[in-house]
Amino acid sequence: MSSTIGLEPVLGRSDEMIVNMGPQHPATHGVLRVVIGLEGERITRAVPHIGYLHRNHEKIEESRTYFQVVPFTDRMDYVSGTQNELPVVLAVEDLAGIEVPERAKMIRTMFFELFRIASHLVWMGTAMLDLGAITPFLYTFWDREIILGIVERTAGARMLPNYYTFGGVRRDLHPHFFKDVAEFLDHLEKRMPDYEHLVLENPIVHARTVGVGVLSKERAVARGVSGPVLRASGVAYDVRKAFPYDAYPEVEFEIPTSDAGDTYARFWVRFQEIYQSVKILRQLLEKTPKTGPFKGRAPARLKISGERYRAVENSRGELGVYVVGDGGDKPYRIKHRGAAFSNLQVIPDLFIGAKFSDAIAILSSLDPVFGEIDR
Amino acid sequence: MGLLGSDERPRDIILGTLDDLINLARSRSMWPLTFGIACCAIEMMATWDPKVDADRFGMFFRNTPRQADVMIVSGTVNKKLAKRLRRLYDQMAEPKWVISMGACANQGGPFRHGYSVVEGVDKIVPVDVYIPGCPPRPEALLQALLLLRDKISDRELRYKRPQEIATDYDVFAEPGEDGRIPVL
Amino acid sequence: MSLIPIPEDRRFKIKLIGYDPGRSRPWLERFVYSLYVVAFWLFVIATYAGVPALFDWLGWDGGWGYVVMRALQVVMLFLLSAVIALMLILALRKYLGKVQERYGPMHYGPAGGIQTVFDALKLLGKEDFVPAAADWLTFRLAPAVTFVSSFAIFAVVPFASGWTLADSNVGLIYLIAVSTLSAYGVLLGGASSGNKWALIGALRAGAQMVSYEVPLALVFLSVAVWSGSMSLGKIVDAQLGVWNVIPLFIPFVLYVISSLAELKHIPFDFPEAESELIAGYNVEYSGMSFAFFFLAEFVELFLLPALIVVFFFGGWHGPLFGLEPGTLAAGALQSLYFSVKTAVWVWIFLWIRATLPRYRDDQLMEFAWKAMIPLALLGLVLAAYMRLIWR
């Protein structure tokens, strides 16, 4: 049976104790099961089992129209909200030749970056919870509530707003949007030094994460890792710069990269990404016209034929979608490329040889979200 | 749930008052189990954040099922997880309650037509409170927790225990053994 | 066909009495928690001065009367520890709320004051079973061992001058013995649970507590050398002029760190690492057995700061405003000073709990064996040297 993979005894390792870090564990990353073999405190085998959240996204989407597919994809990387909708929207816009007005592109990019900040805040709270500090979790969730309030006023729903659509966005921005976002950015910039003190400059966090779980550049590229994990290992690949989309060609931002490849580098890279997102948002707040078109013209019944792969830079890495249309209004096949799915492949590499608490720190730095992994 | 697991409130004054008191205490100090599955788990975590703080009502998370009272099933349950969920429910100590949070846990949600999704967690465990929403707001989860609190301390309602809904297939079978999914 | 019973003819209304997020009423919170402190203080006075006075008045001074008096004091101390645990659990949650920008328990009782009573009653009514894979005798005994070893520290703590249950000449040795015993309870509990996670937690706990006993014992030795006695009452008496924290600063720092480790408090809460080991050695415990572990931890959370105050901060010393030492009023005032100082230290411990993440266990052991023991030895030598010079 497939659920016993990894539990086979190995000759010569009679001291090994096999523990099951089961689908329910308080590290709140979701339903991951890792079969860990421990010799004392050192890990000698690590076999991850996924699939506990397999919800048949791709099969169900074969019987939904393209307009119905978009809110469905929201549920994949549920921490990042609208970021999941963008690959499908871009692919279908390419295949159907739908024009997107400039202002709509900027609105989409603003929401994209707002959700990146929200996702990194969740990551920070839960990563510190894994390391033992119970307080930053509440601070970051309070900041996330502010973002969700802004999203809710515009899009209608907090966490999974069905906001992007083919040609732009569904609704115009609410009247106080620019003021709200500017206030939030000021508030966040006042809080970030506190977060740096609590997280990045904390000697206990240093002791737990520096030098722990080093992922080399070659290994990262070989495993298909993307996102902050890849950039922390030294490869400066970001889909926003490599294959730009929406309003990214018009904003200036940098890609934080680190050469260390350890868990602390992954923490650091995500922090810097929050700063870069704040920078992008400030530029966009000035550039976006306050009135104007928010949606291009798209036919009511959308008939797509052809194949297309589009990818975006999710909070976790490269989230891609491969749309195959056969001329009807429902897709023939949609394949999602989950960012965190490829990132999880490094678990055996990083866990084996590390101590058990290091494994928790490493897992929290890989930041898996199981909606995206199991789809 | 009676004092000694009884099915109705004791008639005499002393035992009856004791029963009321113990159930009052149980309702005011419900400890949920950390079992977040999917998107609703994030909203569940958001219920304990400073905006809507469920810790005001004495609820804080316990990580082990032995010490938890309430299992908040937040997210889609699929057939692979069904067996583990039932096992967790069995490991909880009596008295225990289940809150089914979100559309997926109520009846399968947007994923109802999938081949691997169980259409609602009440086919696996008996559910006391259902919360609609996808995902429900933190305030909705708080309302459900308060509803459960009132249900536990209510004189007649606390003795009415729900049951699981029967299914026409075996929810707990491993893939390939339940006769519905062919092994590839 | 749904088998879930639906109530007929019932309009089920949600009673949201008290659900008003805007009302925090800080004056009420301060009032309620001062009431707890006052109740604690009155309990202490009743135990240490009231009971002997009662027995004096009754005239039961003989052999058996003495035994009964001491037994009654022990029973009252048990009730006191229950009150302490109630207060501290609530204080922890309210304080965590304050640090985390929210309110803790707020609705049950004025400003949440009755919350822990409900927790205790609920744990009483919870099913308490022994897992099939566990060794039932050890499983049942382990929480008792832990609780007894924490509670036994009460015997030597001086609340005021003369107010100790048993001020023996070897109080320090008794203290070392009893705090080592608590490691047994944890080890037995985890190992007998029949669960790999509990076993890992128990082994970690055992290793950590044993490693931190050594600097603890050396610090006790330093205090004994400096004060010239091993009885806690005399140690406090010797701090009349200057509190021990000034000459014995290094042992003081080491003692605070060792206390955190003995308490299994963050940053040393490895054995019950909540996000790693799913409650560590506690995993299989439910109901009242779990409540005993919980109670033991919170009683120790009170007692170890009390010991810090006894050893380093002058115990019950404070200005007496002309009262005669030895009378009831002086004793009451001194125990009030003791309570306030202990409360300050409990607050500091809770503050550390709210803020810091936890260390990895090999880093913990490394720190204990490679950094703390040499420093403790240095402190001992310095204490001996200073005693030679100044006394």
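These numbers come from a predicted model, not from an experiment.

1. Observations regarding the pattern of salt bridges
A full pass over the atoms with the stated rule returns 55 salt bridges over all chains. Put simply, A:Arg108 and A:Glu93 hold a salt bridge, and the shortest N to O gap is 3.1 Å. With A:Arg108 in helix H4 (residues 102-131) and A:Glu93 in helix H3 (residues 85-96), this pair connects stretches of sequence that are 15 residues apart. One exposure class covers both A:Arg108 and A:Glu93, and it is buried. In this structure, the salt-bridge partner of B:Asp90 is B:Arg86, at a minimum N-O distance of 3.3 Å. One end of the pair, B:Asp90, and the other, B:Arg86, are both in helix H3 (residues 79-91), four residues apart, so they sit about a helical turn from each other. Each of A:Glu113, A:Arg116, A:Arg231, A:Asp238, A:Arg240, A:Glu273 and A:Glu313 takes part in one network of salt bridges that share partners.

2. Description of the environment of B:Glu119
All names here are of chain B. For Glu119, the position within the fold is in the loop between helix H4 (102-107) and strand S4 (129-131). A C-alpha to C-alpha distance of 4.7 Å links Glu119 and Gln107, two positions 12 residues apart in sequence. When near neighbours in sequence (up to four residues on either side) are disregarded, Glu119 contacts Asn106, Gln107, Gly108, Arg112 and Tyr169.

3. Regarding the nonpolar core
What tends to happen in soluble globular proteins is that the nonpolar side chains get buried as a cluster. Ranked by internal contacts, the top residues of the largest apolar core, which has 103 residues, are C:Phe154, C:Phe159, C:Leu175, C:Tyr255, C:Leu307, C:Phe311 and C:Phe312. Here the element with the most residues in this core is helix H9 (residues 287-312) of chain C; it accounts for 18 residues. The two domains that each donate at least three residues to this core are domain 1 (24-125) and domain 2 (132-390) of chain C. The residues touching C:Phe159, leaving out its near neighbours within four places in the chain, are C:Phe40, C:Val44, C:Tyr48, C:Phe154, C:Phe302, C:Trp316, C:Gln334, C:Ser335 and C:Phe338. One finds A:Leu114, A:Ala155, A:Leu185 and A:Phe271 within the second-largest nonpolar core, a separate group that totals 73 residues.

4. Points about the pairing of strand S3 (residues 42-49) of chain A
Residue and element names in this part refer to chain A. Bridge analysis of strand S2 (residues 33-39) against S3 gives seven bridges, and the strand direction is antiparallel. The residue of S3 that forms the bridge with Leu38 is Ile43. In textbook terms, the turn of a hairpin is the stretch between consecutive antiparallel strands, and for S2 and S3 this stretch comprises two residues, one of which, Gly40, has a positive phi near 75°.

5. Quick look at the domain arrangement of chain C
Residues and elements named next belong to chain C. Domain boundaries in chain C define domain 1 (24-125) and domain 2 (132-390). Between domain 1 and domain 2, the C-alpha centre-to-centre distance is 20 Å. The partner domain 2 presents 29 residues to the 24 residues of domain 1 that form the contact. When domain 1 packs against domain 2, the two sides together hide about 2,600 Å² of surface, and 86% of this comes from carbon and sulfur.

6. Details of the interface of chain A and chain C
Between chain A and chain C, the residue contacts involve 35 residues of the former and 28 residues of the latter. Between chain A and chain C, roughly 2,600 Å² of surface is buried when both sides are summed, and carbon and sulfur atoms account for 60% of that area. Run the count over chain A and chain C and you get three salt bridges. With a closest N to O distance of 3.4 Å, C:Asp362 and A:Lys355 form a salt bridge. Counting residues per element, the ones that place at least two in the side of chain A that touches chain C are strand S1 (17-21), H4, helix H5 (136-155), helix H6 (177-200), helix H7 (203-209) and helix H14 (356-366) of chain A. Ranked by residue count, the leading element in the side of chain A that touches chain C is S1(A), at five residues. Counted by class, the side of chain A that touches chain C contains 22 nonpolar, seven polar and six charged residues.

7. Here we look at the confidence of the model for chain C
Any segment with low pLDDT has predicted coordinates that should not be analysed in fine detail. All names here are of chain C. Confidence in the prediction of chain C, expressed as mean pLDDT, is 83, and 92% of residues score 70 or more. The spread of mean pLDDT over the elements of chain C runs between helix H1 (residues 26-58), the lowest at 84, and helix H8 (residues 249-262), the highest at 91. Across residues 1-19, confidence stays below pLDDT 50; counting only partners more than four residues off in sequence or on other chains, it has 27 contacts. With pTM at 0.90, the complex prediction returns an ipTM value of 0.87.

About the thresholds
Residues numbered from 1 in each chain as written. Chains lettered and ligands numbered in written order. Predicted model: local features only at pLDDT ≥ 70, side-chain atom pairs only at ≥ 80, totals over all residues. Heavy atoms only, no water. Salt bridge = Lys/Arg side-chain N within 4 Å of Asp/Glu carboxyl O. Helix = DSSP H or I, 4+ residues; strand = E, 2+ residues; numbered from the N terminus. Buried < 20%, exposed > 50% of the residue type's maximum accessible area, 1.4 Å probe, protein only. Contact = heavy atoms within 4.5 Å. Core = buried A, V, L, I, M, F, W, Y, C linked by side-chain atoms within 4.5 Å. Domains from an automatic or database assignment. Pairing = 2+ DSSP bridges. Buried area = accessible area lost by both parts, 1.4 Å probe. Nonpolar A, V, L, I, M, F, W, Y, C, P; charged D, E, K, R; others polar. pLDDT = per-residue confidence, 0-100.

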